Amino acid sequence: MREFKYMENLNKDLLLFSDTNTPAFTEIDFPLDWSMTRSERYGFIHVLKQIKPKISIEIGTYNGGSLQVISKYSEKVYAIDNDPTIIDRLGNKFDNVEFLIGDSKTVIPKLIKDLQAKNESIEFALIDGDHSTEGIATDIKNLLVYKPIKSLHIILHDSFNPRCRKGMKTYNYNNNKYVHYVELDFISGIFNPDDLGRQMWGGLALIILFPYERTIPLKVYQSELKLYNVVYKHSIHFLKNSLSFLKPIVRIFRK
Ligand SMILES: C[S@@+](CC[C@H](N)C(=O)[O-])C[C@H]1O[C@@H](n2cnc3c(N)ncnc32)[C@H](O)[C@@H]1O
């Protein structure tokens, strides 16, 4: 649970969340710990508030930060995480959430098959589980097997991280006729969060599917690509990739 604090040198009426120094009134409805930046939270809340989904799927629950928003605006939520402690920690906090404990690679195909067979309308999904390139690519591939009944909005966290972004670019969106919009930089990411050695994290990508087929080619937008490229040159990811040719030599010396 997030804590409030009164800041020294500030007016006593100004109550802040102590984790992000955010004025409390802006997020007072969402007190659970949340692994997103302030701009991501506001973009995320805004999308959910606008679409009010019938059925939502969350991949990656952790402390329930994003789930508290999805639950508030959805009729029913399936929350998937491979951490079994989530049931004890969050099980009694939400009336409309069914927790599915396991690897999303196996849980999602079965869930999609069941919901499609029952003609249930999935209208929102968050992909924020396995952050490897392959993990993200697999979650996208497995989710996009679903043929939407109404519009389906999918938010993907950490599109600013090079490994995650690569996973998001792996899927051939043009081959799926129900995909009408892809933006990798719906909300921009951040550099060096919590002094994490020049790493790039955060950012929200957005995919929108409609229940009818697209008739024109799809453009995958990257509206902050210039920012991404500049930051990448100064990041640890660039340095590691540039030195990757040394890996075989390092392996020989380690033996
Ligand atoms: C970054 S946290 C999610 C944060 C949360 N969405 C939020 O905004 O507060 C990632 C979560 O994904 C879960 N996870 C990692 N790999 C997974 C997998 N293959 N299947 C299901 N869950 C996974 C982890 O246990 C962790 O709880």
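None of these values were measured; they are calculated from a predicted model.

Engineer: Looking at this model, I keep getting lost on the environment of N96. Mind explaining?
Structural biologist: By the secondary structure assignment, N96 is in the loop between α3 (85–90) and β6 (97–101). N96 gets classed as exposed once you count the C-beta atoms within 10 Å, which come to 12. Taking C-alpha positions, N96 is 28 Å from I187, a pair spaced 91 residues apart along the chain. With residues near it in sequence (within four places) discarded, N96 still touches S71, S74, E75, K76 and V77.

Engineer: How do you make sense of the sheet that holds β6 when you look at a structure like this?
Structural biologist: Two orientations exist for strands paired in a sheet by backbone hydrogen bonds: parallel and antiparallel. Strand order in the open sheet formed by eight strands is β6-β5-β4-β7-β8-β10-β9-β11, and the pairing between neighbours is mixed. Each edge of the open sheet is held by one strand with a lone partner, namely β6 and β11 (220–221). Where strand β8 (residues 152–157) lies against strand β10 (residues 200–209), six bridges are found, and the strand directions are antiparallel. Bridge pairing links L152 to L209 in β10.

Engineer: What should I look at first to understand helix α1 (residues 38–51) in this one?
Structural biologist: Note: α-helices contain 3.6 residues per turn, so residues at a spacing of three or four share the same orientation. An ideal rise of 1.5 Å per residue puts 20 Å on 14 residues; α1 measures up with 20 Å between its terminal C-alpha atoms. Those residues of α1 that sit buried are E40, R41, F44 and L48. The buried residues of α1 occupy one face: seen down the axis, they fall within an arc of 100°. In this structure, α1 carries H46, K49 and Q50 as exposed residues pointing more than 90 degrees from its buried face. Next to the buried residues of α1 lie α2 (65–73), β7 (122–127), β8, β9 (179–191) and β10. Looking one or two places after α1, you find K52, whose phi comes out positive at around 40°.

Engineer: When you look at the site of the ligand in this model, what are you seeing that I'm missing?
Structural biologist: Inspection of the region around the ligand gives 19 residues, with G60, Y62, G65, S66 and G129 positioned closest. Elements with a contribution of two residues or more to the shell around the ligand: α2 and β5 (76–81). Here the residues of the shell around the ligand are counted per class, giving four nonpolar, 10 polar and five charged.

Engineer: Where do I start with the domain arrangement of the protein in this structure?
Structural biologist: It is common to give the size of an interface as the accessible area lost on bringing the parts into contact. Entries for the protein in the domain assignment read domain 1 (1–31) and domain 2 (33–254). The C-alpha-based centres of domain 1 and domain 2 are spaced at 28 Å. Residue-level contacts link five residues of domain 1 with six residues of domain 2. Within the side of domain 1 that touches domain 2, the residues separate by chemical class into one nonpolar, two polar and two charged.

Engineer: Would you mind showing me how to read the nonpolar core here?
Structural biologist: Taken as a class, soluble globular proteins show a tendency for nonpolar side chains to be buried jointly. A125, I127 and I154 are the most contacted members of the largest nonpolar core, which has 43 residues in total. The contact partners of A125, leaving out residues within four places of it in the chain, are S56, I57, L143 and I154. Membership of the second largest hydrophobic core comes to five residues, among which are M200, W201, Y228 and V231.

Thresholds, definitions, all that
Residues numbered from 1 in each chain as written. Predicted model: local features only at pLDDT ≥ 70, side-chain atom pairs only at ≥ 80, totals over all residues. Helix = DSSP H or I, 4+ residues; strand = E, 2+ residues; numbered from the N terminus. Buried ≥ 20, exposed ≤ 12 C-beta atoms within 10 Å, placed from the backbone. Contact = placed C-beta atoms within 7 Å. Pairing = 2+ DSSP bridges. Expected span 1.5 Å × (residues − 1). Arc of directions from axis to C-beta. Near = placed C-beta within 6 Å. Nonpolar A, V, L, I, M, F, W, Y, C, P; charged D, E, K, R; others polar. Domains from an automatic or database assignment. Core = buried A, V, L, I, M, F, W, Y, C linked by C-beta atoms within 7 Å.

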